[in-house]
Amino acid sequence: MNDQDRTPEELLRELAALQRRLAEAEAQLERNQHAEAALAESEARYRLLAESTDDIIAVTDPSGTLRYANRAAALQIGLSPDEIVGKRQQDLFPPPVAAKHVERIERVCRTGEAFQEDERFQFGPEVVWLNVHLIPLHDARGQVTSVMTVSRNITVQKGAEEVLQQARDELEAKVKDRTAELSKANEQLQAIYDGMFDGLLIVDLKTRRIVRANPSICRMLGYPEAELLSMSLADIHPAEAMPAIVERLRARAEGRSPGHAVWRVIRKDGGMLHADIASHAVTYNGRPCVAGFFRDITERKRANEALRQERRTLKHMLRASDHERQLIAYDIHDGLAQHLAGAVMQFQTFEHLRGSEPQQAADAFHAGMTLLRQAHLEARRLISGVRPPILDESGIVAAIAHLVGEWSTASAPRIEFHSKVRFHRLAPILENAIYRIVQEGLSNARKHSKSEEVHIRLRQRGSRVRIEIHDSGTGFDPHAIPDTGYGLRGIRERARVLGGKCRVQSKPGEGTALAVELPVVVHDEGEPDGPGEGAG
């Protein structure tokens, strides 16, 4: 039927049908344009994240040919991204390394399972260690079309074993059609989130609410993702830090502040961690946001604090050592040196009078000999005070018993010493430390406690030796002891340096109990333990 045979009604109906098909085509064209714009935004977010991280990100096809490499990967190779994209593994690596890479890529493509290992790379004189994480990427039908590699430089963790570490991650998705590319780009973006070592939060700049969180930050803070996405920055930072954080976010968005800062972050369990946070201004879902990369540096700060504590301890021990040397110098000056000076004067008198006054010369000689004997006794006393010979000759049990015997006088408190140990001899440094701890503790009890009796016990429990000194005297407040003292603090430091612990219990009017526990280190591992029980 030609147009002349149609009625006007039929022609109008056909014209209306044509208009409807034209409208549908225009709507489909508009939907395609929206899909194009969404794909472009997703790609931009993906590339921003990939290009801003220090991790190496790369994508290879199943044959090992590079389809994408981010800025960090190109920088490590020493070429531009355009120069390395399209290269095969054998174009970039020595044959054994290239063969290993191809085999690993083929395995991931064949099994569809991710793969991770540490790998050593060498480019000329540069040696680099990487933790390499290979992730299969699928198309809309679920087939593995490429492999994404996310690598973290772990040269520092490898320490002195390696000089440098180089990492290279490969990334690019070959797009077949625009709709499939959008799905694939989203999958790649999710893979980056899941594979990153650092925690990642994206925060809305206006509301300061969390709009994206990767698995690493969830593990770091102890929150499930859904709960974290219902929170804001005020929920994970101390209240007193929020004004400064808000100002830093605003300044960062305006490009007025550095990208790195260290902040305290609150975990779900209430614990506090210190994070080095690198922030970048981004657009997410059409809104201005800030992306923050979190690196937990809590252990590093603890190590720095421990180092500062060690330095304070060393300074105190040096002061204590100087103090002890000063006391020894005083003893030598006031005792030994005076006796020797007096003896020299008497012998000079003897030399001067022996021809003219024999009797006076003889008296001077005898006086000089008496002073020499006193100097000899004083020298032995000084030696015994620093490290008594009996400690080297007979061991710690005998040395403590000897010390108790020397200090047991009519005017002093009654001292009881009991020992129950299995070792025969300990390492010299440990014996000396125990002796000085007992010497200092007993000296404190005699000087300050006003107790009628003092009990000393030396006991061995497995691989630990315990020293206990107890009196029933006036007591004191342990917290009131000044930090600059050399008594109890010196005992605590000796115990800590030797891997032990010290405990002091005392109250005014209730006496004092000092307990120090140290690891047993015998003098000779091949020497059998001998009996060590006794009392004094």
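Right, let's walk through the structure included here.

Calculation rules
Along each chain, residues carry numbers from 1 onward, in the same order as the chain's sequence is written. With the structure being a predicted model, the display of local features is reserved for residues of pLDDT at least 70 and the display and counting of side-chain atom pairs for 80 or more, all residues being used for whole-chain, interface and lining totals. The side-chain figures draw on all heavy atoms in the structure; neither hydrogens nor water molecules are used. In this text, helices come from DSSP runs of H or I with a minimum length of four residues, and strands from runs of E with a minimum of two, each type numbered from the N-terminal end. Working definition: with a 1.4 Å probe on protein chains only, accessible area under 20% of the residue-type maximum means buried, over 50% means exposed, and in between means partly exposed. Contact definition: two residues touch when any of their heavy atoms are within 4.5 Å. Here the accessible surface of atoms and residues is derived via Shrake-Rupley with a 1.4 Å probe, and residues count as covered only by protein chains that are part of the display. We define a polar contact as two N or O atoms separated by no more than 3.5 Å, with the added condition that, inside protein, one atom must be a possible hydrogen donor and the other a possible acceptor, whereas residues neighbouring each other in sequence contribute only through side-chain atom pairs. Within this document, salt bridges are pairs made up of a side-chain nitrogen of Lys or Arg and a carboxyl oxygen of Asp or Glu, the two lying within 4 Å of each other. Interaxial angle, 0 to 180 degrees, is taken between N-to-C directions of lines fitted to C-alpha atoms, where a helix line uses only the stretch in contact. These descriptions rest on fixed angle ranges, namely under 35 degrees for roughly parallel, over 145 for roughly antiparallel, 65 to 115 for roughly perpendicular, and the rest for oblique. A clockwise turn of the near helix away from the far one marks a right-handed crossing, whereas an anticlockwise turn of less than a right angle marks a left-handed crossing. Buried Ala, Val, Leu, Ile, Met, Phe, Trp, Tyr and Cys residues form a nonpolar core when they are joined through side-chain atoms within 4.5 Å. Just so you know the grouping, Ala, Val, Leu, Ile, Met, Phe, Trp, Tyr, Cys and Pro go in nonpolar, Asp, Glu, Lys and Arg go in charged, and all remaining residues, Gly too, go in polar. Here the expected length of a helix is defined as 1.5 Å per residue gap, with one fewer gap than residues. By arc we mean the arc of the directions from the helix axis to the C-beta atoms, nothing more. By the convention used here, strands pair only if DSSP detects at least 2 bridges between them. Pairing of aromatic side chains here covers Phe, Tyr and the six-membered ring of Trp, requires ring centres within 6.5 Å, and sorts the geometry by plane angle: under 30 degrees stacked, over 60 edge-to-face, intermediate tilted. Lysine and arginine charges are scored as sitting over a ring when NZ or CZ, respectively, is within 6 Å of the ring centre and within 35 degrees of the ring normal.

1. A word on the overall build of the chain
When you go through the chain residue by residue, the secondary structure sums to 16 helices and 16 strands. Within the chain, the fraction of its 536 residues that count as buried is 40%. Long-range contacts, defined as pairs at least 24 residues apart, comprise 56% of the intrachain contacts of the chain with a sequence gap of at least 6. Summed over its atoms, the accessible surface of the chain is roughly 29,900 Å², and 54% of this surface lies on carbon and sulfur atoms.

2. Regarding the side chain of Asn-214
For Asn-214, the location among the structural elements is in the loop between strand S7 (210-213) and helix H8 (215-221). Within the structure, the side chain of Asn-214 is placed 3.1 Å from the backbone nitrogen of Ile-217, a separation counted as a polar contact.

3. Section: the pattern of salt bridges
Throughout the structure, instances matching the rule amount to 23 salt bridges. In this structure, Asp-269 and Arg-267 form a salt bridge, with 3.4 Å as the shortest nitrogen-oxygen distance. Residue classification places Arg-267 among the partly exposed residues on the basis of a relative accessible area of 25%. Through salt bridges with shared partners, one network takes in Asp-55, Arg-152, Asp-198 and Arg-295.

4. With respect to the packing of helix H14 (residues 396-407) against helix H15 (residues 428-449)
Between H14 and H15, whose axes approach to 10 Å, the crossing angle comes to 20°. Between H14 and H15, the interaxial angle falls into the category roughly parallel. For the element pair H14 and H15, the recorded crossing hand is right-handed. Residues Ile-396, Ala-399, Ile-400, Leu-403 and Trp-407 of H14 touch H15, and the partners they reach there are Glu-431, Ile-434, Tyr-435, Val-438, Gln-439, Leu-442, Ser-443 and Arg-446.

5. Observations concerning the nonpolar core
Counting residues in hydrophobic clusters, the biggest one holds 34 residues, and the most contacted among them are Ile-396, Ile-400, Ile-434, Ile-456, Leu-458, Val-516 and Leu-518. Per-element tally for this core: the top contributor is H15, with 7 residues. Setting aside residues up to four positions removed in sequence, Ile-456 forms contacts with Val-404, Ile-415, Glu-416, Phe-417, His-418, Val-438, Leu-442, Glu-468 and Ile-469. Ranked by size, the runner-up nonpolar core spans 26 residues in total, among them Ile-217, Met-242, Leu-273 and Ile-277.

6. Observations concerning the packing of H15 against helix H16 (residues 488-497)
Running from amino to carboxyl end, H15 crosses H16 at an angle of 160°, the nearest separation of the two axes being 10 Å. Looking at the two axes, H15 sits roughly antiparallel to H16. Seen along the crossing, H15 lies across H16 with a hand that is left-handed. Where H15 abuts H16, its residues Ala-433, Arg-436, Ile-437, Glu-440, Gly-441 and Asn-444 lie against Leu-488, Ile-491 and Arg-494. Classifying every residue of the contact of H15 with H16 by side-chain character gives 4 nonpolar, 2 polar and 3 charged.

7. Some details on H14
When the terminal C-alpha atoms of H14 are compared, their 16 Å separation across 12 residues agrees well with the 16 Å that a helix rising 1.5 Å per residue should span. Three or more residues of H14 are buried, namely Ile-396, Ala-399, Ile-400, Leu-403, Val-404 and Trp-407. Down the axis of H14, the buried side of the element spans an arc of 140°, and every buried residue falls inside it. Those residues of H14 that are buried lie in contact with helix H13 (389-394), strand S11 (414-420), H15 and strand S12 (453-461).

8. Focus on the sheet that holds strand S9 (residues 272-284)
Read across the sheet, 5 strands follow the order S7-S6-S10-S9-S8 without closing on themselves; strand pairing throughout is antiparallel. Because the sheet does not close on itself, it has two edges, and the strands there are S7 and strand S8 (260-266). Averaged over all neighbouring strand pairs, the angle between strand axes comes to 35°, with direction disregarded. Judged from the 7 bridges that link them, S8 and S9 form a sheet pairing that is antiparallel. Residue pairing in the sheet places His-260 in a bridge with Ala-278 of S9. Strands in contact with helix H10 (residues 242-253) are S8, S9 and strand S10 (287-296); relative to S8, the strand with the most contacts, it is inclined by about 140°.

9. With respect to the environment of Met-369
Following the sequence through the fold, Met-369 ends up in helix H12 (residues 358-386). Between the alpha carbons of Met-369 and Phe-347 there is a distance of 8.6 Å; along the sequence they are 22 residues apart.

10. Structural notes on the packing of aromatic side chains
Counted according to the given criterion, the structure contains 2 aromatic pairs. Where Phe-347 meets Phe-365, the ring centres are 5.8 Å apart and the plane angle is 55°; that geometry is what we call tilted. Highlighted residues: Phe-347 in helix H11 (residues 298-353) and Phe-365 in helix H12, separated in sequence by 18 residues. Assessed through its relative accessible area of 25%, Phe-347 is described here as partly exposed. Relative to Phe-365, the ring of Phe-350 lies with its centre 5.3 Å away and its plane at 50°, an arrangement referred to as tilted. Of the two residues, Phe-350 sits in helix H11 while Phe-365 sits in helix H12, which places them 15 residues apart along the sequence. On the accessibility criterion, Phe-350 (21% relative accessible area) is partly exposed. These aromatic residues form a ring-pair network of at least three members: Phe-347, Phe-350 and Phe-365. Cation over ring: Arg-107 sits above Phe-115, and NZ or CZ is 4.5 Å from the ring centre.

Honestly, it's all geometry; don't read function into it.
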